[in-house]
Structure formats: structure tokens, C-alpha cells
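# Tertiary structure, described
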Amino acid sequence: MSTLAIKNIGILVSGDIKDPILKYNAILVENGIIKKIGNEEILDEVQCDNIIDAKGTTVAPGLIDSHTHPVLGDFTPRQNTLGYISGSLHGGVTTMISAGECHTPGRPKDVEGAKALAVLAHKSSENSRPGGVKLHGGALILEKGMQEKDFEELHKHGVWLVGEIGLGSANTSEVAAPMVKWARKYGFKVMMHTGGTSIPGSSTITAQNVMDTDPDIVSHLNGGPTSISVEEVDKLINDTKYTLELVQCGNFKIMKYVANEVYKKEELERIILGNDSPSGTGIIPLGILRSISYIASESEVSAAQALCFATGNTAKAFGLNVGIIEEGKEADFVIMDTPMGSVGENSLEALEAGDLPGVSMVVVDGEILVNKSKNTPPAASKAIIL
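Residues numbered from 1 in each chain as written. Predicted model: local features only at pLDDT ≥ 70, side-chain atom pairs only at ≥ 80, totals over all residues. Heavy atoms only, no water.

### Section: the sheet that holds strand E21 (residues 367-370)
Strand order in the open sheet formed by six strands is E3-E2-E7-E19-E20-E21, and the pairing between neighbours is mixed. With partners counted over all chains shown, the strands left at the sheet margins are strand E3 (21-22) and E21, one partner each. The pairing of strand E7 (residues 58-61) with strand E19 (residues 333-337) spans four bridges and is classified as antiparallel. Looking at E19, one finds that Val59 is bridged to Ile335. (Pairing = 2+ DSSP bridges. Helix = DSSP H or I, 4+ residues; strand = E, 2+ residues; numbered from the N terminus.)

### Looking at the pattern of salt bridges
According to the stated counting rule, one finds 19 salt bridges in the structure shown. A salt bridge links Asp365 to Lys134, with the nearest nitrogen and oxygen atoms 2.7 Å apart. Of this pair, Asp365 sits in the loop between strand E20 (358-364) and E21 while Lys134 sits in strand E12 (residues 134-136), and the two are 231 residues apart along the sequence. Under the relative-accessibility criterion, Asp365 is labelled partly exposed at 26%. With relative accessibility at 7%, the residue Lys134 sits in the buried group. The shortest N-O distance in the salt bridge between Glu261 and Lys264 comes to 2.9 Å. One end of the pair is Glu261 and the other is Lys264, both in helix H7 (residues 252-264) and three residues apart, which spans about a single turn. On the accessibility criterion, Glu261 (18% relative accessible area) is buried. Beyond isolated ion pairs, a larger network of salt bridges with shared partners links Glu112, Lys115, Lys149, Asp150 and Glu153. (Salt bridge = Lys/Arg side-chain N within 4 Å of Asp/Glu carboxyl O. Buried < 20%, exposed > 50% of the residue type's maximum accessible area, 1.4 Å probe, protein only.)

### Some words on the domain arrangement of the protein chain
Segmenting the protein chain into domains produces domain 1 (3-61 + 325-385) and domain 2 (63-318). Each of domain 1 and domain 2 was reduced to a C-alpha centroid, and the two centroids are 27 Å apart. Listed per partner, the contact involves 31 residues of domain 1 and 31 residues of domain 2. Around 2,400 Å² of area is buried between domain 1 and domain 2 when both sides are counted, 70% of it from carbon and sulfur atoms. If you sort the residues of domain 1 by the area they bury against domain 2, Ile17, Leu351 and Leu356 come out on top, with a joint share of 25%. The interface formed by domain 1 and domain 2 holds five salt bridges in total. (Domains from an automatic or database assignment. Contact = heavy atoms within 4.5 Å. Buried area = accessible area lost by both parts, 1.4 Å probe.)

### Section: the sheet that holds strand E15 (residues 189-192)
Spatial ordering of the open sheet is given by E13-E14-E15-E16-E17-E18, a layout of six strands whose pairing is parallel. Single-partner strands in this sheet number two, and they are strand E13 (139-140) and strand E18 (271-274). Against the sheet, helix H8 (residues 287-298) touches strand E17 (243-247) and E18, its axis set at about 135° to E18. (Axes fitted to C-alpha atoms, helices over the stretch in contact; angles between N-to-C directions.)

### Remarks on the environment of Lys115
Residue placement: Lys115 occurs in helix H2 (residues 111-127). Expressed as a C-alpha distance, the spacing of Lys115 and Leu140, which sit 25 residues apart in the sequence, is 6.7 Å. Polar side-chain contacts of Lys115 include one of 2.8 Å to the side chain of Glu153. (Polar contact = N/O pair within 3.5 Å; in protein donor to acceptor, adjacent residues only side chain to side chain.)

### So, the nonpolar core
General note: in soluble globular proteins, nonpolar side chains tend to be found buried as a group. In terms of nonpolar packing, the biggest core is built from 76 residues, with Leu142, Phe151, Leu221, Val258, Ile292 and Ile295 touching the most fellow members. Ranked by the residues each element gives to this core, the list is headed by helix H9 (residues 303-309), at six residues. Both of domain 1 (3-61 + 325-385) and domain 2 (63-318) provide at least three residues apiece to this core. Every residue in contact with Phe151, bar those within four places of it in the chain, is listed here: Leu140, Leu142, Met146, Val162, Met179, Trp182, Ala183, Tyr186 and Phe188. (Core = buried A, V, L, I, M, F, W, Y, C linked by side-chain atoms within 4.5 Å.)

### Side note on helix H4 (residues 173-185)
Between the first and last C-alpha of H4 there are 18 Å, a value that for 13 residues agrees with the 18 Å anticipated at 1.5 Å per step. Ser173, Ala176, Ala177, Met179, Val180 and Ala183 are the residues of H4 that are buried. Where H4 ends, the next residue or the one after it, Gly187, has phi of about 85°, a positive value. (Expected span 1.5 Å × (residues − 1).)

### Quick word on a negative patch on the surface
Side chains of Glu40, Glu41, Asp44 and Glu45 sit close together on the surface and give a patch of like negative charge. The topology assignment puts Asp44 in the loop between strand E5 (33-38) and strand E6 (50-53). (Patch = residues over 30% accessible without salt bridge, like charges linked within 9 Å, V, L, I, M, F, W, Y side chains within 5 Å. Areas by Shrake-Rupley, 256 points an atom, 1.4 Å probe, with all protein chains shown as cover. Lys, Arg positive; Asp, Glu negative; His and termini not counted. Charge placed at Lys NZ, Arg CZ, Asp CG, Glu CD.)

### Things to note about the side chain of Asp65
Turning to its location among the elements, Asp65 is positioned in strand E8 (residues 63-68). Buried Asp65, no salt bridge; nearest opposite-charge side chain is Arg290, N-O distance 13 Å. Apart from residues no more than four positions distant in its own chain, Asp65 is found in contact with Val93, Thr95, Met96, Ile97, Leu273, Gly274, Asn275 and Ile288.

### Regarding the packing of H7 against H8
For the pair H7 and H8, interaxial distance at closest approach is 10 Å and the crossing angle is 60°. When the axis of H7 is compared with that of H8, the two are oblique. Every pair of crossing elements has a handedness; the one defined by H7 and H8 is right-handed. Residues Phe252, Lys253, Met255, Lys256 and Ala259 of H7 form the contact with H8, whose own contacting residues are Ser291, Tyr294, Ile295 and Glu298. Of the residues that constitute the contact of H7 with H8, the class distribution is five nonpolar, one polar and three charged. (Parallel < 35°, antiparallel > 145°, perpendicular 65-115°, else oblique. Left-handed = near helix turned anticlockwise from the far one by under 90°. Nonpolar A, V, L, I, M, F, W, Y, C, P; charged D, E, K, R; others polar.)

### Examining the pairing of strand E14 (residues 161-165)
Judged by how many residues are buried, E14 sits mostly within the fold: five of five residues are covered. The pairing of E13 with E14 spans two bridges and is parallel. Each residue of the ladder has a partner; that of Leu140, found in E14, is Val162. By the bridge criterion, three bridges tie E14 to E15 in an arrangement that is parallel. Within the sheet, the bridge partner assigned to Ile165 lies in E15 and is Met192. Handedness of the crossover joining E14 and E15 through H4 is recorded here as right-handed. (Right-handed = clockwise from strand over helix to strand, strands pointing away.)

Right under this line is the structure:
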């Protein structure tokens, strides 16, 4: 049995949007699972393999990128880059969710080929964590001609994601809506492109198209990269209860608008954050932190709440056992502080001032994978291993 303790926590962000900050200063992990949360007496008489002294800084759940377009492993031909996923790990991201392997060279667009790609990408990401990140690969791209038996077959192979509808030939509500019902029957989570086209072959999708298709997640509500109008955004906020995804590679004016409107409606549990990368915009290892900082500094949403968008909210939307600091959850953490030179006295104040925090450690399943970020600015105070 392996045991990890984190003590001397200054701010403990829960990941739960209903109770974003916990008033505890210690966490005990056994075999990669959170065993106890409390004050430091929970560590009394416990023999730990590793002890992290957080030095009074912030501990939050590992961040989740709800929207990536991987291929296989830690390489993307979209920007001809190796190691882009491990770069995100250094930005505090411990889980990434595929919205479709659309950049695969020669991507098959027939039914059998699309299914085979989903199975391959799913099993590849299960068998090997690229960069150490929990990548959930293998998001099926819907193509015309798919039938219920195809979703049943994919379910048997463990595939459980439908990539953003609009990437494949099944890009109208008339064609895709029956497939969504079949997918949901077999436990799939369904994403749908919203807004202007992003790659050749994809299509512009309106609010009505989304509602007629009935997905679980409205992908990049603020555009990927081109947004629908404010009036169209309002329809999806006010007339549906869908999970609303905001992305770094999108429209920042609409990102702020959505955050404020959902805040006024007291429905913050609906917002999740993704990068929508690799894309023409590029690769942004700190993209999730940048979105959190932008929302915390420019909208009514607090930094702690914005962190919950990228942790507990996303975990709940996709049914993952991560993203919340709670007993029984997987022990994924990012430890951070205000960066050197910031006006913020701690990581939350830095985010609300528009700065990026300095990440000093990243933990996945109770294992320390990053012991000083290579991408964030340096933390004013750094966690240490005792």
C-alpha cells in the first residue's frame, strides 16, 4: 500500500461549485485514492511514503480539459508537435477529454472506419497515459449510415464518447438526432459543435440545430473559434439545461457574457472549460488556467468558482471519479501559489487580478508527476517534499 499526505494547506479548493472552499489543511491518500480530508491530526500515527508540505499555498483538484483533439499518444499533426499533452500537465491539467480525433491523417469517413478509429484511440489512451495525463480518447465522429447496432458494438469495446457533432457527415439534426438517442441508450456522453465552421467539412450550427439534436454538452458555446450571436447564446442558456462549454480557442467577449448570464441565473454548475486544441489557434499548455484567470478577473464569477468549472463541473458532466476533493475520489491535485510579482497575496487573488498562478506540484493518482512547472511563472511559495 502506498500512502501520500499533503499538509499545511493554506487554501483548499474543493471542486464542488456549491461549496468551493473547504476549511481543512490536510489530505491523506492511499493507493491513489483520497482516504481522508481534515486537519493535520488525520495524519497522526500514519506512516506515509511521501509527505508534501504545501507551505500554506493552494491545493485544488487536478484540472480537466473538456475539449481536446488528440490523435494517438502525445503527438499532434495539427501543429506538428510532440509532448503537447505533457505541456498541459505542467499547466495543472491531469485529465483531458477527446472531442473527436478529427486531425488523424487520412481520417476514415465511412461507418466502419470511423468506428475502428474510435476503438483504436480509446484503447490507446487506456493503455498508455500520454505525458502522464488521463486522456479519455476515442470520441466517435458521427457519419451518415450509422445504426443502433454500431453504438451497441462500440459500447462493448468501451467507447463512451461521441465527438462534437458537426465534424462528420452526420451534421444535421435530422440525421444526428436518432443517433444521439442510440448513443444515450448505450451510455455515451454526446458533445455538439456550436457556431461557425472550424475545419473543412464541418458545418455551422445554430441554437435550434442543437436543441433539435439534443446532446449532453454544448461544445464551445463561445465559438470554436467563431461564436453564434448573443441572441442565439441566450436561447441555449435560457431554453435548455445543457452543459455549456467555454473554450480558450474561442470568442472572449462571449465567454465573459456567458459566465455573467449563468452567474445571474445561479446555474454555475452548467459551465465547463476546455481548450479546443490543437487547432489553428495553436497549442496552449496554460489554456485552462488562462480561461480561469480571464473569467475570475473579468466576470462576476470568483476564482474558486472558476476553478470548479474546470474540475468538479466537468467531472460530473462526464461521469468521472475525479475533479472533487472528497473521500473516495482519485487523488489528482494541482498545488499553486500567487506568482512572483503579482499583486495577489495568494493564488485566488492572483487569478482575480488577471494573473496566472505559479504551479509548484502536480499529482496524479497520488504520484507526484511535476515538482515545479516548466510553463507557469514561478510560485512565490513552493510546496516541498519532506
